[in-house]
Amino acid sequence: MILGGDVRRGFLLLAVLAGCAPAPADPVALGKAYFTGFDCIKCHRIGEAGGTRGPDLTLIGFRKSRAWLDVWLKSPPAWKHDTTMSNYYLKEDVRGAVLEYLVAQKGQAWNGIRPWDVADLQNDSVARGRAIFE
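Quantities reported herein were computed from a predicted structural model and do not represent experimental measurements.

J.: Would you explain the overall build of the chain in this entry?
T.: Counting its secondary structure elements, the chain contains seven helices and two strands. Traced from its N-terminal end to its C-terminal end, the chain shows the element sequence α-α-β-β-α-α-α-α-α. Looking at the chain residue by residue over its 134 residues, the buried ones come to 27%. Partitioning the intrachain contacts of the chain with sequence separation of at least 6 by distance along the chain shows that 50% fall at a separation of at least 24. Total accessible area computed for the chain in this model is approximately 9,500 Å², and 59% of it derives from carbon and sulfur atoms.

Structure (structure tokens):
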């Protein structure tokens, strides 16, 4: 069991080791790492994974412009006063990386199987239309 000073040394060691890990050279990969680290998937769905409290971001790269997303990430409550999304006060480089990840989201998280293309919906145009809309 780690107690007292041992806990602080343990956290310090983890911080040092994390600082030694090379950052991904790919800005989309770096943005995904931040997205994962901030636990954004808890509220937002991408592909088949994630929560439903916030918008589904699977196709956000088609739905919102880079400029709009950047303004939103700077301060969600400044853009929409009644939003449930907190302002995370992201540093510019972090925000930029998350922005790169989001603008890259154009449905590839479905791995080629779009929700409206599943066999169960092929003969039900209303249900298929609902899946496309949602």
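Okay, back to it.
J.: Even after reading the chapter, I still don't get the packing of helix α4 (residues 66-74) against helix α6 (residues 92-103), so can you show me in this structure?
T.: Angle between the axes and distance between the axes are the two parameters that describe a pair of packed helices. α6 packs onto α4 with a crossing angle of 135 degrees between their chain directions and a minimal axis gap of 10 Å. Between α4 and α6, the interaxial angle falls into the category oblique. As for the relative orientation of α4 and α6, their crossing is right-handed in sense. For the pair α4 and α6, the contacting residues are Arg66, Leu69, Asp70, Leu73 and Lys74 in the first and Arg95, Val98, Leu99, Glu100, Leu102 and Val103 in the second.

J.: Explain the packing of helix α2 (residues 27-37) against α6 to me, please; I cannot follow it from the model alone.
T.: Relative to each other, α2 and α6 sit at 105 degrees, their axes nearing to 7 Å. It follows that α2 is roughly perpendicular to α6 by the angle criterion. In contact with Pro27, Val28, Leu30, Gly31, Lys32, Tyr34 and Phe35 of α2, α6 contributes Val94, Ala97, Val98, Glu100, Tyr101 and Leu102. Split into classes, the residues belonging to the contact of α2 with α6 amount to 10 nonpolar, one polar and two charged.

J.: Before we go on, may I ask you to explain the pattern of salt bridges in this structure?
T.: Any two side chains of opposite charge can pair, so long as their charged atoms come close to each other. Throughout the structure, instances matching the rule amount to four salt bridges. Between Lys74 and Asp70 there is a salt bridge, with the nearest N and O atoms lying 3.9 Å from each other. Of this pair, Lys74 and Asp70 are both found in helix α4, four residues apart, which corresponds to roughly one turn of the helix. Of the charged contacts, one joins Asp82 and Lys80 as a salt bridge, the two residues approaching to 3.8 Å between their closest N and O atoms. Look at Asp82 and you get exposed, because its relative accessible area is 57%. Take Lys80: its relative accessible area is 43%, and that puts it in the partly exposed class.

J.: Sorry, what's going on with the packing of aromatic side chains here?
T.: The relation between two aromatic rings is expressed through the spacing of the ring centres and the mutual angle of the planes. A complete count under the given rule lists five aromatic pairs for this structure. Between Phe35 and Tyr101, the ring centres sit 5.2 Å apart and the planes meet at 55 degrees, which makes this aromatic pair tilted. Here the residue Phe35 occupies a position in helix α2, and Tyr101 occupies one in helix α6, the gap between them amounting to 66 residues. Here Phe35 matches Tyr101 in class, with each residue buried. Note on Trp68 and Trp79: the rings are 5.6 Å apart at their centroids and 85 degrees apart in plane angle, and the pair reads as edge-to-face.

J.: Help me understand the environment of Arg114, please; the structure alone is not making it clear to me.
T.: Positionally, Arg114 belongs in the loop between α6 and α7 (125-133). Each C-alpha atom, one on Arg114 and one on Glu48, is 9.9 Å from the other, the two residues being 66 residues apart in sequence.

Rules and cut-offs
Residues numbered from 1 in each chain as written. Predicted model: local features only at pLDDT ≥ 70, side-chain atom pairs only at ≥ 80, totals over all residues. Heavy atoms only, no water. Helix = DSSP H or I, 4+ residues; strand = E, 2+ residues; numbered from the N terminus. Buried < 20%, exposed > 50% of the residue type's maximum accessible area, 1.4 Å probe, protein only. Contact = heavy atoms within 4.5 Å. Areas by Shrake-Rupley, 256 points an atom, 1.4 Å probe, with all protein chains shown as cover. Axes fitted to C-alpha atoms, helices over the stretch in contact; angles between N-to-C directions. Parallel < 35°, antiparallel > 145°, perpendicular 65-115°, else oblique. Left-handed = near helix turned anticlockwise from the far one by under 90°. Nonpolar A, V, L, I, M, F, W, Y, C, P; charged D, E, K, R; others polar. Salt bridge = Lys/Arg side-chain N within 4 Å of Asp/Glu carboxyl O. Phe/Tyr/Trp six-rings, centres within 6.5 Å; stacked < 30°, edge-to-face > 60°.

None of this, on its own, says anything about what the molecule does.
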